[in-house]
Amino acid sequence: MNELPQQLVNGLLLGAMYGLVAIGYTMVYGIVQLINFAHGEIFMTGAFGALTVWLWLPGGTTMWIALPLMIVGAVIVAVAIAVGAERFAYRPLRTAPRLAPLITAIGLSLALQQAVWAWYPEAKSARTFPQISGGPFDIGSVTIQTGDVFLVAAAPLSMAVLGYFVLKTRTGRGMQATAQDPDTAKLMGVNTDRIIVIAFALGAAFAAVGAVAYGLKYGEINFRMGFILGLKAFTAAVLGGIGNIYGAMIGGVVLGVAETLATAYIADIPGMDKFGSQSWADVWAFVLLIFVLLFRPQGLLGERVADRA
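Scoring rules and cut-offs
Residues numbered from 1 in each chain as written. Predicted model: local features only at pLDDT ≥ 70, side-chain atom pairs only at ≥ 80, totals over all residues. Heavy atoms only, no water. Core = buried A, V, L, I, M, F, W, Y, C linked by side-chain atoms within 4.5 Å. Buried < 20%, exposed > 50% of the residue type's maximum accessible area, 1.4 Å probe, protein only. Contact = heavy atoms within 4.5 Å. 1 Å grid on protein atoms, 1.4 Å probe; cavity = no way out; pocket = protein on both sides within 12 Å on 5 of 7 lines; lining within 4 Å. Points joined across faces, edges and corners; volume = space filled by probe spheres on them. Helix = DSSP H or I, 4+ residues; strand = E, 2+ residues; numbered from the N terminus. Nonpolar A, V, L, I, M, F, W, Y, C, P; charged D, E, K, R; others polar. Phe/Tyr/Trp six-rings, centres within 6.5 Å; stacked < 30°, edge-to-face > 60°. Lys NZ or Arg CZ within 6 Å of the ring centre and 35° of its normal. Expected span 1.5 Å × (residues − 1). Salt bridge = Lys/Arg side-chain N within 4 Å of Asp/Glu carboxyl O. Patch = residues over 30% accessible without salt bridge, like charges linked within 9 Å, V, L, I, M, F, W, Y side chains within 5 Å. Areas by Shrake-Rupley, 256 points an atom, 1.4 Å probe, with all protein chains shown as cover. Arc of directions from axis to C-beta.

**Let's talk about the nonpolar core**
Okay, step 1: I23, F43, Y90, F150, L151, L216 and I221 are the most contacted members of the largest nonpolar core, which totals 86 residues.
Okay, step 2: Setting aside residues up to four positions removed in sequence, I221 forms contacts with A47, F48, L51, A126, R127, F129, Y214 and G215.

**Here's the deal with empty space enclosed by the protein**
Okay, step 1: In the structure shown here, the tally under the stated rule is one cavity of 30 Å³ or more.
Okay, step 2: Each pocket or cavity is described by its volume, and for the largest cavity that value is around 30 Å³.
Okay, step 3: Forming the boundary of the largest cavity are G24, V28, N36, H39, I42, A82, A199, F200, G203 and A204.
Okay, step 4: Put simply, the parts of the chain that give the lining of the largest cavity at least two residues each are α1 (4-32), α2 (39-56) and α8 (192-218).
Okay, step 5: The element contributing the most residues to the lining of the largest cavity is α8, with four residues.
Okay, step 6: For the lining of the largest cavity, the class distribution of residues is six nonpolar, four polar and no charged.

**Structural notes on unusual backbone geometry**
Okay, step 1: Positive phi outside glycine occurs at Q33, with the angle close to 55°.
Okay, step 2: Secondary-structure assignment places Q33 in the loop between α1 and α2.
Okay, step 3: Relative accessible area serves as the criterion here: at 16%, Q33 is assigned to the buried category.

**Things to note about the packing of aromatic side chains**
Okay, step 1: Evaluated as defined, the whole model comprises seven aromatic pairs.
Okay, step 2: Judged by centre distance (5.2 Å) and plane angle (40°), the rings of F48 and Y120 are tilted. A residue pair is termed long-range when its members are at least 10 positions apart, and F48 in helix α2 and Y120 in the loop between α4 (99-119) and β1 (127-128) qualify at 72 residues. Across this residue pair, the class does not change: F48 and Y120 are buried.
Okay, step 3: Ring pairs connect the aromatic residues Y25, F37 and F234, which therefore count as one cluster.
Okay, step 4: The positively charged end of R87 is found above the aromatic ring belonging to F88, 5.6 Å away from the centroid.

**Let's talk about α2**
Okay, step 1: For α2, with 18 residues, the first-to-last C-alpha span of 26 Å sits near the 26 Å given by 1.5 Å per residue.
Okay, step 2: Judged by how many residues are buried, α2 sits mostly within the fold: 15 of 18 residues are covered.

**Digging into the pattern of salt bridges**
Okay, step 1: Considering all chains together, one arrives at five salt bridges under this definition.
Okay, step 2: In this structure, R91 engages E86 in a salt bridge whose closest nitrogen and oxygen atoms are separated by 3.1 Å.
Okay, step 3: It is possible to trace a salt-bridge network through shared partners that takes in E86, R91, R94 and D193.

**Observations concerning a nonpolar patch on the surface**
Okay, step 1: On the surface, L167, Y246, I250, V254, L300 and L301 cluster together into a nonpolar patch covering about 460 Å² of accessible area.
Okay, step 2: Looking at which element gives the most residues to the nonpolar patch, the answer is helix α10 (residues 245-265), with three residues.
Okay, step 3: Looking at the element boundaries, I250 is found in helix α10.

**As for helix α11 (residues 281-295)**
Okay, step 1: Along its 15 residues, α11 runs 22 Å from first to last C-alpha, staying within 8% of the 21 Å computed at 1.5 Å per residue.
Okay, step 2: Residues of α11 that are buried: A281, A285, L289 and V292. Projected down its long axis, α11 shows its buried positions confined to an angular sector of 85°, all on one face. Exposed and facing more than 90 degrees away from the buried side of α11 are I290, L294 and F295.
Okay, step 3: Considering only its buried residues, α11 is in contact with α9 (225-240) and α10.

Here it is, written out as structure tokens:
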């Protein structure tokens, strides 16, 4: 029990990273009812975009100078790929049966993995990600690793910016209208195509921030990193209520805390020692999803998607 505060903080940090990626799933689904299974790979390309910027910088550049440039590079790469995918892969299938864009998303996911592997052949195992020097930092009985400092600042700031954008700007209100009824929104003068592109771009930007946080947290990236994390982010979106922006972050936090506590404490239960290893962390995440779907299928905060049947 003395470790509980530390484990809760670890879970909150992990969940915040899941939530940043889950926002992309829930925004796109809320507006066009598309499950973009390539979003995990967009997250991955953001990480390699940041790494590319680092490799292009002159030797001796400090991380405090490099990090803002790496974030910009990650966002540019992720947004460019997401907007391109929307324009050339998803938009032509907008009126097609739902299975067609779903299969397209899976194909795009595999294509992005292979493209990054071709660009960085050494990423087949892992590429070292630059780290922030200093730390770790002790706050009472809780220790925050240096790689998590960025996440501590980025997650709440990102949610504050997104909340202001959605609630206070004209484009944000256009997104809400398009999510509620795209045909009526179009009749009222909302450019729904533009709104959908913005939703893809915003989701990709948050995924890119999450990708930089991942690299700083774990110290390495690889071309398969988006698959499992993308599934967990989708799980977080479903937990919070698919289509609910705030639910995505809350679902991510719940998932991160549950995964961390399960990994830390299940091994202490008699006869359960083999189920508490790190390799079982993914299993417990999906077990939580199954329970939520059984007892509250609309998610913790409920869906915010209009019935367009």
